[in-house]
Each structure stands twice: as structure tokens, then as C-alpha cells.
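Summary of the model geometry
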Amino acid sequence: MLKKSVFFVLVLLLAVSVIVPATLAEEPIKITVLNYFDLTSPGAERELNEVWYEFSVRNPHIIVEREDLFLDAFHQKTEAYAAADMLPDVIYMWPGGRSTSLHTLGLVKDLRPLLGEDAKYYKEAVLAPQAGGYLAQLPSTMTSSHALYVNVALLDSLGLSIPETYEELVAMVPVLKENGLDVILMGAQDDWVIQSCLFSMIVGRLVGDEKLNEILAGEAKFTDPEFVSALEFYAQMYEDGVLNRRIMQTDYAEVNGLFATGRAPFMIDGDWKVGNFLTDVTTGEALIPVDRQHEFKMTIFPAIPGEINKASSSGVVGVGFGMNAKIEAGSAKEAAAWELIKWLQGPEVQKMRLETAGTIPSRIDVTSDNIEPLVVERIRYYEDIAVTTEVLDNIFEGEVYTPINIGLQEIGLGFATPMEVAERTQEAFDAWFARKQQ
Amino acid sequence: MKRVIQWWTEERRAYLLLVLPAVAVYWAVMAFPTVFSFALSLTNYNGGPVFSNPNIKFVGFEHYLRMFRDQYFWISLKNNTLIILVSVFGQIPLGFLFAYVIHRKLVKFRGFFQTIIYLPCVISTIIVGRLWRSFFSPYGPFTEFMQKFQPGWENELFFDPKLAIVPVLFVILWMYTGTYMIIFLANLQKIDPALIEAARIDGATEWQVLTRIMLPSLSGVIVTASILAISGSLKSFDLLFAMTAGNPARRTSVLALYMYDTAFKHSPKYPLANAISVFMVMLSLVLILLVKLTEAKFGGRE
């Protein structure tokens, strides 16, 4: 009899121990994420383990359903989701550029109220209003869309040094050609590359943000002498042999190997390109091994004749994660999505990104002593920049900058003149501006 | 009531049961999107809710006019036309020629040749595109190969607007000829060998066997292959996307890429993209109709 009652008590205890915690436990919350992720990058494994897996360990009540895409596939999916009104809960975004419609159509929330007191951990500049006039995504970094990468050892071997003026750069062309080298490499088969990584810097130097804002307000034109002169300078670079038409036949990834193997002493790209040269923890290999990284430098393009902004580079606050505007304010889902966004821009993740990709943290409390020389160089590179100017695809809508993107390739190939490209851009702007005024 | 019962026969029920699922699926995934796309192309719809959206307005054929005024539309159409020509007058005759040579045992190692010619078809298009992109790169093997013969040769294949599409056409020819070879080979095997033998006994030459027996017997297959080639050429996207992405300066773009760029690149312009897709469907229908009319006029009987 006693045995029977003990048995029943044990069963009861077992039932209570299983049922009660289950009923008291938080209901898991599912968060969908559209993530921009290059699975082939050297830091990919650390990203998976230290960012996504770690978040699921720390937040077992939040189930993250993540979709990883890269380059155009990502943008295509984003636009498709936006068009179908089916945006995921958390989405990787740019502060403008190809994410402009997410900002301007108000498809993502203003994160400033959610950030609250935590704003003190971020650099003030990164929390500035974005394309839609509000903080649509919490940026992880500051980004310079232009950097001149220099293979110093190669230059030294030819008895050359980093040019300080455009004329000095032009003077190097015959020497480099004699040695069978290219002058500047760019992976510009995709049409955004020249505009974003080179021409925006030229516009910053020769036109300036003030004039760009006048154009944006309809008070000045792309056909004004300043903007046309920027296009003309770009065309001149081909005539001077500084740029070669080959850049438009070079894939964005192919250029990494070409630069690392000394095909040219210079390469122009965004400062994010550094990540492609660092050590891959899974293989221990790097396109530029650590012991050779001191041979490379990052700087800005030399002084351009007639520039109004000296030592300037084009840049934007970087990418980050935004939250679907349809998530109910104050809901558990909003809290979970915000938890994820906070984590993705938290000190641990930013430290990891600093170490794996040399991403300059947007937080003030992130540092690391485990970084490769090229990452140190990327941080130092910002000392060379006296002024940061706008990136064209960040301030103008796609409809307006697309003729510039294509036009820059056409100028390089000799299919269009600078004035023709300026006129086409103005025409696209006028159509966009007229619609905006309605 | 009696008439209804008469109509609702077992045969008709069976017929509907068999046909309706396919019709429903066809309507849902083919016909409806096409009609819907046409409807949207006449509006200013550019994302967001489609139904009960007060901002959607009827704009007539505005987007079609815009499309016809865009120089990149004409570049894409020209490239598509070239791809269609290469497909219909390149892949199909070559595919037939290879099939004929193999079927008539005019070469040794037939299995080897059959495999080699068909091999590109089984490789992912994206991988093929990437491989050929590397091959034609200014720093790739093609450039090095040419420089062996002509030191200092500059690879400017993609820089001449007239020539930029040529490497792509070559890859398309290389990649898809095997498909048509297999189609022809399968159908050649259906021709009664006794017919050919009888013709040869009667003194027919190889050329006469080819033109009087083989080709007339295959006219239906040629039409089918042409339809496949035309529709496949009009929707060409993946290979070009991987190989050139339509660049430089959109000179290697095709209609599908032009539509993709319009719809998904930079700021989306869905109405214009819808207009482009409707144009592609219409063009496809017209070309297929032309092929059918040609077959009706000149084709033989299987």
C-alpha cells in the first residue's frame, strides 16, 4: 500500500515538474531576418558562430529564422518583399542607396525611441537621420566608399612613391606600363562601382555637397559647369592612362586576387574591401598574409586640379538592421526584434566585425588587440580624410543615379560625352522631381 | 433537369476530373500572371498592396511609350534578336548536323562525341557563365592565349558595342547545341531504317536521303525545336547575368535582364517592368506563330 502511494506521489511530482515549467516558460517568439551575408568571406564562420548561434544560446525564447543573401540576390529579394508587403521582421539595410524605398515608404520603424538612453554608446554621427528623415536602421559602422589601396612594396621596387597630386600619378603611368603593370585596378563590371567608389569622391572634390544639395532642391542642375567638370575629369583619367577600360570587364571579386598578386600598385574600392584580404579562420589562409600586410597602405586619391575640397573622401554611415514597421509597438515581438538588433550592434558583435573585416565600430566602447595590420591600417586611413562628402547613390534616388552609373561606363568606353551623361541625368532628375512635387 | 443529367455524363466527369487540375495550375501560374501583369502595366502600381489601394491609377500605354523611347530597350531587343538567330539558325542546324553524323555512323567514337557535345547542358548555367567570364576576362586565359600569337594584344572584346555580345553568342551556341542534338538523335531513331535502306538500294545519295527523307520526316521536330529555341532565347537571363550582368554599359543586356534591372535594381519601376514582360510574351507569341506558319507552308509530314 505504501509502495503504491509512493509511486503515485512520484508520478505526480514528475507530472508537475514537466507541466509547470512548460506553462510558466515564455512562449517562443519567431523573428524572421533578411541578412546580407557573404558566406565565402574569411570571417563567415566566426559570424555564424559568434553572432547568430550565440544569440540563440543567450535568447532561447527567440527563434530566429534567417535568410542569408548576398549582392544582387539580396536586393532583388528585398524589393520583392517590399512590393508584396511581406518584409521580414528584421532586415539588413543601407542608410539610403538601394534601401531608399524602405526608408522613404516608411516600411521600417524609427528606432530612435527604442534606442533611448543607449544612444550614449554610439558615435553621434551614426545616429543622424537617414534617407527617410529618421533613424531607420542602427548602423554598425562608418563607411568610406572610396579608398586608394596602395601596394607600397611594388611602388618601392619601381623607385616610385605614393603620389600626392594627380599630376604625379599621371607621371607614373609610362613607368608602370613599361613594366607591364596596370595603374589602377577596379572591379567595375557592375555599374555601381565607379560611381560609388571613385566618381562620388571626384564630385566631392570638384562639386561639393552644397552644390549637390542645390541640385537636389531643384535650384541647380547636373548640366552646370561644376558637375560636368567632374565628369570631364573622370573622362580625362582614361585619356591620361590612369584608368584602363579593362576595369569595366573586371569582376568585383576578381580584382581582389589581381591586387594581392601585384598586377597594379593601386586599387580603388570602398574601405570594406579590406575584409577580403584578411585571414580566413577556417583555412588560416589570406589573400594578403599577415606578414605581407605591412606592404600595403590605404589612402585617399591624390589632389585633383581645381578641387574645392582638399583631402576629401566620399562616405556614409554604414549598414545596419531595421525593423518592420508593421510590428505592433510595445508587443513582445517588437521587444524580441529589438533585442536582436541591439545584439547585432552590440559590443561583442562589433568587436568580432572589427577583427574579421576591419569594420570601424559605430559604438564608442569597442576595441580589440586581436586585429591584423590591414585592419589597423583601415582605422589609420581615416586620419587621411579631412572632409567626408556624400556618395551619389546615397542622396539621389535610383532613378536619378542610374543614368550616372551607366553613363560613367559609357564615358569610359567612349559611347557618350560628359555633357550627354549630364543631360541624361538631369532629364531623369527632372522627371523624378516633377513627380515628387505632385 | 433532364438535359443537365444528360450533360453530366460519366465520360464528361472523368474528362473534367483529368483536365481541371492541369487547367487550374496553368491558369494560376501562367495565364493569370500574364493577364495580371498586362493589367498592372497599364497602371502606376509600384509596390505595396495591389487591391483596394487608392493610389493606383490607370495610365494607359504610358509605360509602353516610355519603354520604346529608352535606348537600352532597343539594345536589349537587338541582343535578343541575335540570340534568337543564333539559336534557330545556329544551334538547331548544328544540333541536327551532329545528330545526323552520329546517327548515320559517319564518325567513330560516337558515344564520346555525343557526351562531349551534350556535357555543357548538364552543368549549372551560373557556373558556365562564371567560367566563361573568367575565360574572357582581360586577365584570363583567352587574353593570354591571344598574346602568345600577338604580343601586347588588348582584350577589347566587350568594348565595341557591335562585338560585345559575340562572346555571349558563342557560349550560347556551345552550351545549348547539345540539347537539340539529343532531340534530333531521339527522333532520327524513330525513322524506319528500311525506308533509308530502300532509298539507298534505289540509288539515292546521302544528300538525297537527308533532304528527301530525313528532313521532311523531322519537320515537326524542327518546329518544336524552334519554339523551344525562341522561347528559351527570349527568356535568356541566367547565363548573361552570370557572365556579364548586361554590362559594360548595358551593351550585353537582353530583355529579361532589362526587365530585371528595371524591376529590382536601384529604385524599382514595376509598371515599366510589367510592360517589358508583356512585350516579351507578345514577341514570343508572334515568333512562334511565324514558325508555325512556316511549317504549315514548307513543312513535310512525319
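Residues numbered from 1 in each chain as written. Chains lettered and ligands numbered in written order. Predicted model: local features only at pLDDT ≥ 70, side-chain atom pairs only at ≥ 80, totals over all residues.

**Focus on the nonpolar core**
Counting 141 residues, the largest nonpolar core has M186, I202, F266 and M267 of chain A as its most contacted members. Per element, the largest residue contribution to this core is twelve residues, and it comes from helix 4 (residues 71-103) of chain B. Residues from two domains meet in this core; each of domain 1 (27-139 + 319-361) and domain 2 (145-315 + 380-437) of chain A gives at least three. Every residue in contact with M267 of chain A, bar those within four places of it in the chain, is listed here: Y149, I184, L185, M186, V255 and F259 of chain A. Membership of the second largest hydrophobic core comes to 31 residues, among which are V33, W94, L135 and F321 of chain A. (Core = buried A, V, L, I, M, F, W, Y, C linked by C-beta atoms within 7 Å. Buried ≥ 20, exposed ≤ 12 C-beta atoms within 10 Å, placed from the backbone. Helix = DSSP H or I, 4+ residues; strand = E, 2+ residues; numbered from the N terminus. Domains from an automatic or database assignment. Contact = placed C-beta atoms within 7 Å.)

**Observations regarding helix 17 (residues 418-437) of chain A**
Residue and element names in this part refer to chain A. Taking 1.5 Å of rise per residue, 20 residues should cover 28 Å, and helix 17 covers 28 Å from first to last C-alpha, within 8% of that figure. If you check which residues of helix 17 are buried, you get P418, V421, A422, R424, T425, A428 and F429. Within helix 17, the buried residues cover an arc of 165 degrees as seen down the axis, which keeps them to one side. What points out from helix 17, more than 90 degrees from its buried face, is the exposed set M419, A434 and Q437. Considering only its buried residues, helix 17 is in contact with helix 10 (225-239) and helix 16 (398-413). (Expected span 1.5 Å × (residues − 1). Arc of directions from axis to C-beta.)

**Brief notes about the packing of helix 8 (residues 192-206) of chain A against helix 16 of chain A**
All names here are of chain A. Where helix 8 contacts helix 16, the axes come no closer than 7 Å and their chain directions differ by 90 degrees. Accordingly, the angle class assigned to the pair helix 8 and helix 16 is roughly perpendicular. Across the interface between the two elements, W192, I194, Q195 and F199 of helix 8 pack against Y401, I404, N405, L408 and Q409 of helix 16. A class-by-class count of the residues in the contact of helix 8 with helix 16 yields six nonpolar, three polar and no charged. (Axes fitted to C-alpha atoms, helices over the stretch in contact; angles between N-to-C directions. Parallel < 35°, antiparallel > 145°, perpendicular 65-115°, else oblique. Nonpolar A, V, L, I, M, F, W, Y, C, P; charged D, E, K, R; others polar.)

**Re the interface of chain A and chain B**
Listed as interface residues are 31 residues of chain A and, on the opposing side, 20 residues of chain B. No other element matches helix 16 of chain A, which puts eight residues into the side of chain A that touches chain B. Its residues placed into classes, the side of chain A that touches chain B shows eight nonpolar, ten polar and 13 charged.

**Some remarks on the packing of helix 4 of chain B against helix 8 (residues 166-188) of chain B**
All names here are of chain B. Running from N to C, helix 4 and helix 8 cross one another at 45 degrees; their axes reach a closest spacing of 7 Å. Taken together, helix 4 and helix 8 sit at an angle that is classed as oblique. Both helix 4 and helix 8 take part in a crossing whose hand is right-handed. (Left-handed = near helix turned anticlockwise from the far one by under 90°.)

**Things to note about the confidence of the model for chain B**
Looking at chain B as a whole, its pLDDT mean stands at 88, while 97% of the residues score no less than 70. Prediction confidence for the complex, expressed as pTM and ipTM, is 0.80 and 0.79 respectively. (pLDDT = per-residue confidence, 0-100.)

**Focus on the domain arrangement of chain A**
Residue and element names in this part refer to chain A. Domain parsing of chain A yields domain 1 (27-139 + 319-361) and domain 2 (145-315 + 380-437). The C-alpha-based centres of domain 1 and domain 2 are spaced at 28 Å. Counting from both sides, the interface comprises twelve residues of domain 1 and, opposite them, 14 residues of domain 2. Counting residues per element, the ones that place at least two in the side of domain 1 that touches domain 2 are helix 2 (44-58) and helix 13 (347-357). For the side of domain 1 that touches domain 2, the class distribution of residues is three nonpolar, seven polar and two charged.

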